[in-house]
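Residues per chain, in single letters:
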Number of protein chains: 2
Amino acid sequence: MILSKTCDYAMRAVFYIAAQKERKFIPIREVSEKLDISFHFLTKILQVLTRAHILVSFKGPNGGIALACPAESISLSDISKAIDGSKIYEECILGLDQCGDENPCPLHNEWKRIRDQIQNLFDKTTFAEVAEKINCGEFRITNLLKKNK
Amino acid sequence: MILSKTCDYAMRAVFYIAAQKERKFIPIREVSEKLDISFHFLTKILQVLTRAHILVSFKGPNGGIALACPAESISLSDISKAIDGSKIYEECILGLDQCGDENPCPLHNEWKRIRDQIQNLFDKTTFAEVAEKINCGEFRITNLLKKNK
DNA sequence: ACATTTTAGGATAAAAAACTCTTAATAGCG
DNA sequence: CGCTATTAAGAGTTTTTTATCCTAAAATGT
């Protein structure tokens, strides 16, 4: 798993919010129900994004959360870095410290190429693009199967 | 982290063994000391590889572990699958179930391309190649810094 | 002022991953 | 045979990640 589960939840939540163009504040409860993510846990995760100024929140009736800036200016890597940190973009695939062009592991050169592609994908993909894809209806951000309960 | 820490240890251990061309059975203790991995933990991990018939083991004096087949015929993905399973080659980056060409998530197409490259790298890279790289001395499989103790 | 809706945050629990320890089994050697 | 070197196996612990629960604080409408 390249992204933590926490980060997956965060991404999907922000996808959902971004896809609600017109609306202002979306209650976390609604997001949690639509995406089938534990409300309390999601609340916690989104607090991190609010503190990182990626989202803004508003308490009280008609409250909820909203993007802090236009979806065009938020990239996937903003979320991934806020939740999981930058390590996926820097880390050695074998977990070695200071693996770089100077002291490479045997897979460094090959892995670096792939890692850069991941970074490039996450950097260049904005939530505006993803929101459009979702709203065109051909892509989903929910599970097909409900969790076992 | 794309590979679990356990899998990283396994990879490095097999790298080490593969790099000892001439020798037969290498004691796990030696591997654990050279790579600075907990002996008992490494033992556990390598048992999995032995049960998967990637390694063979021999108890008693002059015992140890060795590759079960020539290093040319063991690929990185053999180890990764034995330890972590195949999920990294199949999983959705957002953690959604059944994300494929039929019910894609918004990142499916892009992620699939990258995931296939990872699979390709792991499938095509054999331990013979890596062993050669290690023996030529330009690549390392150990940490530079000792763990905090 | 009060009730309602909502986020914020702490405290805790459950599950998974990483690591440790102890004991058993096996093989070789004197 | 009995000693030693070595892996095998399994129980037990710690740490990290994921998830739940409860109470407080803020905003709104009446």
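For the structure itself, look to the data block above.
The present account deals with the structure reproduced in this document. (Residues numbered from 1 in each chain as written. Chains lettered and ligands numbered in written order. Predicted model: local features only at pLDDT ≥ 70, side-chain atom pairs only at ≥ 80, totals over all residues. Heavy atoms only, no water.)

## Quick word on the interface of chain B and chain A
No. 1: At the junction of the two partners, chain B supplies 43 residues and chain A supplies 43 residues.
No. 2: Both sides of the chain B and chain A interface together cover about 3,800 Å² of buried area, and 62% of this is carbon and sulfur.
No. 3: Three residues, B:Met1, B:Pro106 and B:Arg140, lead the burial of chain B against chain A; their summed loss comes to 17% of the area buried on that side.
No. 4: Taken together, the links from chain B to chain A amount to 4 salt bridges.
No. 5: A salt bridge links A:Glu110 to B:Lys133, with the nearest nitrogen and oxygen atoms 3.2 Å apart.
No. 6: Summed over the shared surface of chain B and chain A, the number is 19 residue pairs in polar contact (both at pLDDT 80 or more).
No. 7: Listed by contribution, the elements that provide at least two residues to the side of chain B that touches chain A are helix 1 (5–19), helix 5 (108–124) and helix 6 (127–135) of chain B.
No. 8: It is helix 5 of chain B that provides the largest number of residues to the side of chain B that touches chain A, a total of 9 residues. (Contact = heavy atoms within 4.5 Å. Buried area = accessible area lost by both parts, 1.4 Å probe. Salt bridge = Lys/Arg side-chain N within 4 Å of Asp/Glu carboxyl O. Polar contact = N/O pair within 3.5 Å; in protein donor to acceptor, adjacent residues only side chain to side chain. Helix = DSSP H or I, 4+ residues; strand = E, 2+ residues; numbered from the N terminus.)

## Structural notes on the packing of aromatic side chains
No. 1: Taken as a whole and judged by the stated rule, the model has 8 aromatic pairs over all chains.
No. 2: For the ring pair B:Tyr89 and B:Phe122, a centre distance of 6.5 Å and an interplane angle of 75° mean the geometry is edge-to-face. Highlighted residues: B:Tyr89 in the loop between helix 4 (76–84) and helix 5 and B:Phe122 in helix 5, separated in sequence by 33 residues. Grouping residues by exposure puts B:Tyr89 and B:Phe122 together as buried.
No. 3: In this structure, A:Lys133 is placed above the aromatic ring of A:Phe139, and the distance from its NZ or CZ to the ring centre is 4.9 Å.
No. 4: Positioned above the aromatic ring of B:Phe39 is the side chain of B:Arg29, whose terminal nitrogen or guanidinium carbon lies 4.0 Å from the ring centre. (Phe/Tyr/Trp six-rings, centres within 6.5 Å; stacked < 30°, edge-to-face > 60°. Buried < 20%, exposed > 50% of the residue type's maximum accessible area, 1.4 Å probe, protein only. Lys NZ or Arg CZ within 6 Å of the ring centre and 35° of its normal.)

## Side note on the pattern of salt bridges
Residues and elements named next belong to chain A.
No. 1: Using the criterion set out here, one finds 6 salt bridges over all chains in the structure.
No. 2: Between Asp101 and Lys112 there is a salt bridge, with the nearest N and O atoms lying 3.2 Å from each other. A residue pair is termed long-range when its members are at least 10 positions apart, and Asp101 in the loop between helix 4 (76–84) and helix 5 (108–124) and Lys112 in helix 5 qualify at 11 residues.
No. 3: Among the residues examined, Asp101 registers a relative accessible area of 52% and is labelled exposed.

## Focus: the protein's contact with DNA strand D
No. 1: With respect to spatial proximity, 26 residues lie near DNA strand D, and among them A:Ser38, A:Phe58, B:Ile28, B:Lys44 and B:Ser57 are the closest.
No. 2: Within the contact set of DNA strand D, a phosphate oxygen lies 3.1 Å away from a side-chain nitrogen or oxygen of A:Thr6.
No. 3: A distance of 2.5 Å is found between a base nitrogen of DNA strand D and a side-chain nitrogen or oxygen belonging to B:Lys44.
No. 4: Elements supplying a minimum of two residues to the surface near DNA strand D: helix 1 (5–19) and helix 3 (39–51) of chain A together with helix 3 (39–51) and strand 1 (55–58) of chain B.
No. 5: Sorting elements by how many residues they give to the surface near DNA strand D places helix 3 of chain B first, with 5 residues. (Near = heavy atom within 4 Å.)

## Section: the relation of the copies chain B and chain A
No. 1: Once turned by 180° and shifted 0.0 Å along the axis, chain B lies on chain A with an RMSD of 0.1 Å. In symmetry terms, the pair is related by a two-fold rotation axis. Relative to the rotation axis, the closest C-alpha in chain B is found at B:Ile2, a distance of 2.4 Å.
No. 2: Looking at the interface residues of chain B, 100% of them are also at the interface in chain A, so both copies use one shared face. (Least-squares fit on C-alpha atoms with pLDDT ≥ 70 in both.)

## Re helix 4 of chain A
An α-helix turns once every 3.6 residues. As a result, residues three or four positions apart point the same way.
Residues and elements named next belong to chain A.
No. 1: Every buried residue belonging to helix 4 is among Leu76, Ser77, Ile79, Ser80, Ile83 and Asp84, and all of these are buried. Angular distribution of buried residues about the axis of helix 4 spans 155°; they occupy a single face of the element.
No. 2: Residues of helix 4 that are buried make contact with helix 1, helix 3, helix 5 and helix 6 (127–135).
No. 3: Phi for Gly85, located one or two positions after helix 4, is positive at around 80°. (Arc of directions from axis to C-beta.)

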